[in-house]
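Spelled out, the chains give:
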Amino acid sequence: MESNHYDVIIIGGGPAGLTSGIYLSRAKTKTLILDQGTIGGQVVLTHEIANYPGIESISGYQLAKTMRKQAKKFGCDIRSNIKISSLELKGEIKKIVVNDKDKYTAPVVILSTGGKSRPLNVPGEIEFAGKGISYCATCDGDFFQDKEIIVVGGGNSALEEAVSLTQYASKVTIVHQFDHFQAYPHAIDEVKNNPKIDFIMESEITEFYGNESLQRVKIEHQGTHETNEMKIDGVFIFIGYIPQTKFIDDQVKLNERQEIIVDKDFQTNIEGVFAAGDSIEKKYRQITTATADGTIAALNAIEYINSKK
Ligand SMILES: Cc1cc2nc3c(=O)[nH]c(=O)nc-3n(C[C@H](O)[C@H](O)[C@H](O)COP(=O)(O)OP(=O)(O)OC[C@H]3O[C@@H](n4cnc5c(N)ncnc54)[C@H](O)[C@@H]3O)c2cc1C
């Protein structure tokens, strides 16, 4: 087994990991980014980004490609499409085995593996994701000016996002599987008092239809199993978030939602293990927040390495 030693190994090459890679490599810190997929993370899936400061509009693919190029320019090593076979985060030197054969070691690891919105898992969802179906109101709300949309979900996120989407949409219908919401009373009051918001309770979307983009949904009542079709311009799904932290195997402290707990320096409960981006415990998940986390984790990692010299 070949062994390679680095100053820092970053697991996850989305905006958080790539930003850490840029800062670390530019500071002449020998850095490796490992990613199980394509470098760029969720950004690659994003058709248009219109809220990254300094860039009025850019495709997610182009932004990710530029971030990757920037990290490589400063000397960051990058390996994509790998599988982590084993991970040992405790101890002074962290050990990572990739694809059952390549061993990497470093005194510092940054975990930046992001997450995924929980999907409904019904026909048409994958086909129309980004073509009428969205999982992010902050990212896509603006594309639905004066349109009629559905919000799926009944927790705090769904209700808060439904209210925020009324600033764009002409009508928001909340579709929820139960006969009551699982949100704070003030969030429930807000949706109930908003004249633009309507409700379809005890119901689920069971299919999405359209041509180039989403046009209709099938909605099934959970009690009677009666189905109806509804014409709609967009659907926002807020039924939970899955941080990609399973592979950590409880080595670092996670909260009940499986998000990584970090301190103010973005260090986990294990010395030398930092975390950044969408996989950590936080409220807002955006490219700007991920890059900010990646910056802070990288700068603290450098300080940590220097303190050990
Ligand atoms: C459809 C969509 C549209 C969006 N639009 C916008 C927008 O317009 N503006 C905005 O600011 N934000 C937007 N977001 C949110 C934004 O993309 C995320 O907040 C941001 O990408 C988070 O960055 P991250 O680096 O923390 O994680 P991610 O982007 O999730 O990257 C994590 C990386 O880690 C890798 N990884 C995961 N597990 C492992 C593992 N076990 N081993 C190795 N690698 C692993 C993944 O392959 C991935 O490349 C959007 C998100 C989605 C899904």
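Residues numbered from 1 in each chain as written. Predicted model: local features only at pLDDT ≥ 70, side-chain atom pairs only at ≥ 80, totals over all residues. Heavy atoms only, no water.

Chemist: Where do I start with the pairing of strand 16 (residues 227-231) in this structure?
Modeler: Within a regular beta strand, the side chains point alternately toward one face of the sheet and then the other, so they alternate between its two faces. Bridge count for strand 15 (residues 214-221) against strand 16 is five bridges, and the pairing is antiparallel. Note that in strand 16 the partner of glutamate 220 across the bridge is threonine 227. Here strand 15 hands over to strand 16 after five residues, with histidine 225 in that stretch at a positive phi of 65°. (Pairing = 2+ DSSP bridges. Helix = DSSP H or I, 4+ residues; strand = E, 2+ residues; numbered from the N terminus.)

Chemist: I tried to follow the side chain of serine 134 on my own but got confused; where do I start?
Modeler: Within the fold, serine 134 resides in strand 10 (residues 133-134). At 3.0 Å, the side chain of serine 134 forms a polar contact with the backbone nitrogen of cysteine 136. Leaving out residues up to four positions away in the same chain, serine 134 has contacts with Asp140, Val235, Phe236 and Ile237. (Polar contact = N/O pair within 3.5 Å; in protein donor to acceptor, adjacent residues only side chain to side chain. Contact = heavy atoms within 4.5 Å.)

Chemist: When you look at the site of the ligand in this model, what are you seeing that I'm missing?
Modeler: In the vicinity of the ligand there are 31 residues, among which Asp35, Gln42, Asn51, Asp278 and Ile287 approach most closely. Within the backbone of alanine 16, a nitrogen or oxygen atom sits 2.9 Å from an oxygen atom of the ligand. Take glutamine 36: an N or O atom from its main chain is 3.0 Å from a nitrogen atom of the ligand. Coverage of the ligand by the protein amounts to 91% of the 1000 Å² it exposes when considered alone. Those elements that provide at least two residues to the shell around the ligand are helix 1 (15-26) and helix 7 (287-307). Looking at the shell around the ligand residue by residue, the class counts come to 11 nonpolar, 17 polar and three charged. (Near = heavy atom within 4 Å. Areas by Shrake-Rupley, 256 points an atom, 1.4 Å probe, with all protein chains shown as cover. Nonpolar A, V, L, I, M, F, W, Y, C, P; charged D, E, K, R; others polar.)

Chemist: What should I look at first to understand the sheet that holds strand 16 in this one?
Modeler: Note on sheets: strands pair through backbone hydrogen bonds, and any given pair is parallel or antiparallel. The sheet built from three strands is open, its strands ordered 14-15-16 with antiparallel pairing. Edge positions in the open sheet fall to strand 14 (203-210) and strand 16, since each of these has one partner strand only. Taken over all neighbouring pairs, the strand axes of this sheet differ in orientation by 25° on average, direction set aside. (Axes fitted to C-alpha atoms, helices over the stretch in contact; angles between N-to-C directions.)

Chemist: Honestly, the packing of aromatic side chains in this entry has me stumped. Any pointers?
Modeler: Think of a pair of aromatic rings as described by two things: how far the centres are apart, and how the planes are tilted against each other in angle. Here the structure, examined in full by the defined rule, presents five aromatic pairs. Seen in terms of ring centroids, phenylalanine 181 and phenylalanine 199 are 5.8 Å apart; in terms of plane orientation they differ by 55°. Their pairing is tilted. Remark: phenylalanine 199 occurs in strand 13 (residues 197-200) and phenylalanine 181 occurs in the loop between strand 12 (171-175) and helix 6 (185-192); sequence separation between them is 18 residues. Judged by relative accessible area, which is 10%, phenylalanine 181 ranks as buried. On the basis of relative accessible area, phenylalanine 199 is assigned to the partly exposed category, the value being 29%. Where phenylalanine 274 meets tyrosine 304, the ring centres are 6.2 Å apart and the plane angle is 75°; that geometry is what we call edge-to-face. Within this pair, whereas phenylalanine 274 is found in strand 19 (residues 273-275), its partner tyrosine 304 is found in helix 7, the two being separated by 30 residues in sequence. Just as phenylalanine 274 is buried, tyrosine 304 falls in that class too. Taken together, the ring pairs connect Phe144, Phe236 and Phe238 into an aromatic cluster. (Phe/Tyr/Trp six-rings, centres within 6.5 Å; stacked < 30°, edge-to-face > 60°. Buried < 20%, exposed > 50% of the residue type's maximum accessible area, 1.4 Å probe, protein only.)

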